[in-house]
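Close look at the chain arrangement
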Amino acid sequence: DIQMTQSPSFLSASVGDRVTINCKASQNINRYLNWYQQKLGEAPKLLIYNANSLQTGIPSRFSGSGSGTDFTLTISSLQPEDVATYFCLQHNSWLTFGSGTKLEIK
Amino acid sequence: VQLVESGGGLVQPGKSLKLSCSASGFTFSSYGMHWIRQAPGKGLDWVAYISSSSGTVYADAVKGRFTISRDNAKNTLYLQLNSLKSEDTAIYYCARSRTGIDYWGQGVMVTVSS
């Protein structure tokens, strides 16, 4: 089974900051990595699919990079509405999730 | 696209429960669907998958106890949970299979306790 290690688990940043969240796969997953945002009480929302493709309707301040085993989600300029938990999902071999990153505004 | 789960609640160990997921806004019969769960304070775990042609796959933790099914005429996905254990306590999400998962429901809580 493929394991996903996500870091950090908690992140506090100021409005306007550049924020990065990482996921590392236990083996090569090519580019089969998605990023999601989940706000309290809401369904998770797809932000990035296949490592670096922006889902329709998602602001361009969100971007994804990486391939193989190491992946990054970047928020270029943090906004108050970005407070949420973010998690990754590998879909190269069934589905495995990262443990999540709780993002708050400093 | 909208996915709405229902059927959760409090159930005793060893008992059964059936979850439903009502789908709208897309051609339900054309997509595979997943159930995923998240235990309190834990990460997300994939539970089961059903293809558009009703082929099924289960996680080892639920194999033989849970059954995923679908009724395309009703645009509804189901998860039958039997022989429930305390470790099955979780929020259960249904999700659409496309490039991994593209849409999720809000989830339904299942609590297994005496």
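The structure we're discussing is the one just above.
Report follows, based on the coordinates.

**Quick look at the overall build of chain A**
Looking only at helices and strands, chain A features 0 helices and 11 strands. In terms of C-alpha radius of gyration, chain A reaches 13 Å, essentially the compact-globule figure of 13 Å for 106 residues. Here chain A holds 106 residues, and 45% of them are scored as buried. When the accessible surface of chain A is totalled, it reaches about 5,000 Å², and 45% of it is carbon and sulfur. Both charge centroids of chain A, one from 8 positive and one from 7 negative side chains, sit 4 Å from each other.

**Focus: the environment of glycine 43 of chain B**
As for its position among the elements, glycine 43 of chain B is in the loop between strand 4 (33–38) and strand 5 (44–50). Beyond its immediate stretch of four places on either side in the chain, glycine 43 of chain B contacts Arg37 and Gln38 of chain B.

**Observations concerning the interface of chain B and chain A**
With 16 residues of chain B at the contact, the number on the chain A side is 17 residues. Both faces considered, chain B and chain A share a buried interface measuring about 1,300 Å² in area, 67% of it formed by carbon and sulfur atoms. For the chain B face of the interface with chain A, the top three residues by lost area are Leu44, Thr99 and Trp104 of chain B, together amounting to 38%. The interface formed by chain B and chain A includes 0 salt bridges. The interface formed by chain B and chain A contains 5 residue pairs in polar contact (both at pLDDT 80 or more). Those elements that place two or more of their residues in the side of chain B that touches chain A are strand 4, strand 5 and strand 10 (101–104) of chain B. Split by residue class, the side of chain B that touches chain A holds 9 nonpolar, 5 polar and 2 charged.

**Overview of the nonpolar core**
In this structure, Trp35, Tyr92 and Trp104 of chain B are the most contacted members of the largest nonpolar core, which totals 42 residues. Looking at this core, the element that brings in the most residues is strand 5 of chain B, giving 6 residues. Counting 24 residues, the second-largest nonpolar core is a separate cluster that includes Ile2, Met4, Ile21 and Cys23 of chain A.

**Describing the sheet that holds strand 3 (residues 19–25) of chain A**
Residue and element names in this part refer to chain A. Spatially, 1-3-8-7 is the arrangement adopted by the 4 strands of the open sheet, whose pairing is antiparallel. Two strands close off the open sheet at either side, each with one partner strand: strand 1 (4–7) and strand 7 (62–67). Sheet twist, expressed as the average angle between the axes of neighbouring strands with direction ignored, equals 15°. Here 6 bridges tie strand 7 to strand 8 (residues 70–75), and the two strands are oriented antiparallel to one another. Residue pairing across strands places serine 67 opposite aspartate 70, the latter belonging to strand 8.

**A short note on the environment of serine 22 of chain B**
All names here are of chain B. In this structure, serine 22 sits in strand 3 (residues 17–24). Distance from serine 22 to threonine 99, taken between C-alpha atoms, is 21 Å for residues 77 residues apart in sequence. Once residues lying within four places of it in the same chain are set aside, the contact partners of serine 22 are Gln2, Leu3, Val4, Asn75 and Thr76.

**A look at the packing of aromatic side chains**
A full pass over the atoms with the stated rule returns 11 aromatic pairs over all chains. Each ring, one from phenylalanine 87 of chain A and one from tryptophan 104 of chain B, has its centre 5.7 Å from the other, and the planes form 85°; the classification is edge-to-face. Here phenylalanine 87 of chain A, found in strand 9 (residues 84–90), pairs with tryptophan 104 of chain B, found in strand 10, and the two come from separate chains. Relative accessible area serves as the criterion here: at 6%, tryptophan 104 of chain B is assigned to the buried category. What links up through ring pairs into an aromatic cluster is the set Tyr36, Phe87 and Phe97 of chain A together with Tyr93 and Trp104 of chain B. In this structure, arginine 70 of chain B packs its charged tip against the face of phenylalanine 28 of chain B, placed 4.4 Å from the ring centre. Geometry around tyrosine 31 of chain B places arginine 96 of chain B over its ring, the cationic atom sitting 4.1 Å from the centre.

Reading the values: rules and limits
Residues numbered from 1 in each chain as written. Chains lettered and ligands numbered in written order. Predicted model: local features only at pLDDT ≥ 70, side-chain atom pairs only at ≥ 80, totals over all residues. Heavy atoms only, no water. Helix = DSSP H or I, 4+ residues; strand = E, 2+ residues; numbered from the N terminus. Rg over C-alpha atoms; globule rule 2.2 N^0.38 Å. Buried < 20%, exposed > 50% of the residue type's maximum accessible area, 1.4 Å probe, protein only. Areas by Shrake-Rupley, 256 points an atom, 1.4 Å probe, with all protein chains shown as cover. Lys, Arg positive; Asp, Glu negative; His and termini not counted. Charge placed at Lys NZ, Arg CZ, Asp CG, Glu CD. Contact = heavy atoms within 4.5 Å. Buried area = accessible area lost by both parts, 1.4 Å probe. Salt bridge = Lys/Arg side-chain N within 4 Å of Asp/Glu carboxyl O. Polar contact = N/O pair within 3.5 Å; in protein donor to acceptor, adjacent residues only side chain to side chain. Nonpolar A, V, L, I, M, F, W, Y, C, P; charged D, E, K, R; others polar. Core = buried A, V, L, I, M, F, W, Y, C linked by side-chain atoms within 4.5 Å. Pairing = 2+ DSSP bridges. Axes fitted to C-alpha atoms, helices over the stretch in contact; angles between N-to-C directions. Phe/Tyr/Trp six-rings, centres within 6.5 Å; stacked < 30°, edge-to-face > 60°. Lys NZ or Arg CZ within 6 Å of the ring centre and 35° of its normal.

Fair warning: the whole summary comes from geometry, so function is off the table for now.
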